[in-house]
Amino acid sequence: VLEIVSRDIPPPGPGEVRVRVTSLGLNRADLLFVQGRYFQRATLPSRVGMEPAGVVERVGEGVNFQPGDRVGVLPSSFELSAQGGLAEYVTVPARCLVPTPPSLDDRDAAAIWMQYLTVWGALRVTAPVESGNFVVITAASSSVGLAAIECVKMWGAIPIATTTSADKVARLVEHGAAHVINMKTEDYPARINEITAGQGVHLVFDAVGGPAINEHVRACRQGGAILLYGLLDTRPMEFMPGLLIGKQLRLIGYTVRSLLENRAARERAVSEIGEGIAAGRLRPLIDRRFPLSEVREAFEYMASNRQFGKIIVNP
């Protein structure tokens, strides 16, 4: 359903900025949007692309940005069908823009905001992680998963990564995971019991959903939480309510939009993420880059689940 088409580029109106897109971070949400499975539905014909970044080319009235400024566009903060960023140019409200950290090259400038803001909003605001906490990170080789490993470690907690690929175990350890569990070959609750000395984990940061929810309930300690931000497994989530109640667990649905709608929290997140990147504590990992002409191949690669890190399209 993806086509590359030519359209006139409208001038930015009051409060708007036109950005020449140098990079677009491809996310699982983009794939779900194209498949019609995302909670935000497309108005057809629709643009796509939630995470563009580039260089300001032209500004409307009442805007503080200047032509030549390097900027990222905050995901989920603009009208996706009308303003999607998988394009050579995008025109969006100036309130959606943040400066690109100086250490990032233009071709990689879109490799940060979706994953780090998703993690920050989830684990700093919605279910705050404290030093010494055990945190399970599922589907940990995704860009959000890798960002979560970095952030959890930066905050003094203990990241436990899960994967279904034996080839990714060593790479996850290299990226900073304190422990890695192969969900295909290991007994997940038993490994959690071993790692936490029988106490269970404080939090599960879950991108998968599906029947594995039961194992997460078993893995959690008394008063723990399961924070669900993705549905890689679309099978029904049938779980044991008695154990959930007995452990007094919280099961929380989350999207990054909850952070982006809170201006004060969003500004703190952008500041802390920028500081982490400047200090080298946060290092976005690029898996592959695609030109715009290979956008179909980029989406197919996303769907294959072979990636380890961020997939970038460079218009």
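Scroll up for the structure.
Presented here is an overview of the structure given in this document. Just so it is clear, the structure is predicted and the values come from calculations on it, not from any experiment.

Calculation rules
- Residues numbered from 1 in each chain as written.
- Predicted model: local features only at pLDDT ≥ 70, side-chain atom pairs only at ≥ 80, totals over all residues.
- Heavy atoms only, no water.
- Core = buried A, V, L, I, M, F, W, Y, C linked by side-chain atoms within 4.5 Å.
- Buried < 20%, exposed > 50% of the residue type's maximum accessible area, 1.4 Å probe, protein only.
- Helix = DSSP H or I, 4+ residues; strand = E, 2+ residues; numbered from the N terminus.
- Contact = heavy atoms within 4.5 Å.
- 1 Å grid on protein atoms, 1.4 Å probe; cavity = no way out; pocket = protein on both sides within 12 Å on 5 of 7 lines; lining within 4 Å.
- Points joined across faces, edges and corners; volume = space filled by probe spheres on them.
- Nonpolar A, V, L, I, M, F, W, Y, C, P; charged D, E, K, R; others polar.
- Pairing = 2+ DSSP bridges.
- Axes fitted to C-alpha atoms, helices over the stretch in contact; angles between N-to-C directions.
- Parallel < 35°, antiparallel > 145°, perpendicular 65-115°, else oblique.
- Right-handed = clockwise from strand over helix to strand, strands pointing away.
- Left-handed = near helix turned anticlockwise from the far one by under 90°.

## A few points about the nonpolar core
Core analysis: the largest hydrophobic core is formed by 81 residues, its most contacted members being Leu-117, Val-119 and Leu-123. Top contributing element to this core by residue count: helix 3 (residues 113-126), with 8 residues. When near neighbours in sequence (up to four residues on either side) are disregarded, Leu-123 contacts Pro-128, Val-129, Val-152, Trp-155, Leu-203 and Phe-205. Counting 16 residues, the second largest nonpolar core, distinct from the first, contains Ile-195, Val-201, Val-217 and Ala-219.

## Quick word on the layout of surface pockets
One number sums up the size of the second largest pocket: a volume of about 1,100 Å³. Around the second largest pocket, the lining comprises 32 residues; the ones closest to its centre are Glu-3, Val-5, Ser-46, Arg-47 and Leu-86. Listing elements by their share of the lining of the second largest pocket, those giving two or more residues are helix 1 (28-35), helix 2 (80-83) and strand 4 (89-93). Classifying every residue of the lining of the second largest pocket gives 19 nonpolar, 8 polar and 5 charged.

## Notes on the sheet that holds strand 6 (residues 134-137)
Strand pairs in the sheet, formed through backbone hydrogen bonds, run parallel or antiparallel to each other. The strand order 8-7-6-9-10-11 describes an open sheet built from 6 strands, whose pairing is parallel. The open sheet terminates on both sides in strands that have one partner only, identified here as strand 8 (179-182) and strand 11 (250-253). Taking the axes of each pair of neighbouring strands and ignoring which way they run, one obtains an average angle of 20° across the sheet. As paired strands, strand 6 and strand 9 (residues 201-206) are joined by 3 bridges and run parallel to one another.

## Some thoughts on empty space enclosed by the protein
Enumeration over the complete set of coordinates arrives at 2 cavities of 30 Å³ or more. One number sums up the size of the largest cavity: a volume of about 40 Å³. Looking at the largest cavity, the residues that line it are Gln-115, Tyr-116, Ser-143, Leu-146, Ala-147, Glu-150, His-175, Arg-283, Pro-284 and Leu-285. Every element with two or more residues in the lining of the largest cavity is listed here: helix 3 and helix 4 (143-154). Tallying contributions element by element places helix 4 first for the lining of the largest cavity, with 4 residues. In this structure, the second largest cavity spans a volume of roughly 40 Å³. Taken together, Gln-40, Met-50, Ser-76, Ser-77, Phe-78 and Leu-80 make up the full set of residues lining the second largest cavity. Among the residues forming the lining of the second largest cavity, the class breakdown is 3 nonpolar, 3 polar and no charged.

## Here we look at the packing of helix 1 against helix 11 (residues 295-304)
Close contact between helix 1 and helix 11 brings their axes to 10 Å; oriented N to C, the two are set at 105°. Our classification of the angle between helix 1 and helix 11 gives roughly perpendicular. On helix 11, the residues that touch Arg-28, Asp-30, Leu-31 and Val-34 of helix 1 are Phe-299, Met-302 and Ala-303. Residues of the contact of helix 1 with helix 11, tallied by class, amount to 5 nonpolar, no polar and 2 charged.

## A word on the pairing of strand 13 (residues 310-314)
Across the 5 residues of strand 13, 5 count as buried, placing the element largely inside the fold. Alternating positions in strand 13 separate into two faces, Lys-310, Ile-312 and Asn-314 on one and Ile-311 and Val-313 on the other, with burial throughout. Taken together, the 3 bridges between strand 1 (residues 16-26) and strand 13 define a ladder with antiparallel strand orientation. Its bridge partner lying in strand 13, Leu-24 is registered against Val-313. In this sheet, strand 13 lies alongside strand 12 (residues 286-291) in parallel orientation, the contact comprising 5 bridges. Looking at the pairing, Pro-291 lines up with Asn-314 of strand 13. As a crossover connection, the stretch from strand 12 through helix 11 into strand 13 is right-handed.

## A word on the packing of helix 3 against helix 10 (residues 263-279)
Where helix 3 meets helix 10, the axes come as close as 10 Å, and the angle between the chain directions of the two elements is 120°. With respect to helix 10, the element helix 3 is oriented oblique. Between helix 3 and helix 10 lies a crossing of right-handed hand. Seen from helix 3, the contacting residues are Trp-113, Tyr-116, Leu-117, Trp-120 and Arg-124; seen from helix 10, they are Ala-265, Arg-268, Ala-269, Val-270, Glu-272 and Ile-273. Split by residue class, the contact of helix 3 with helix 10 holds 8 nonpolar, no polar and 3 charged.

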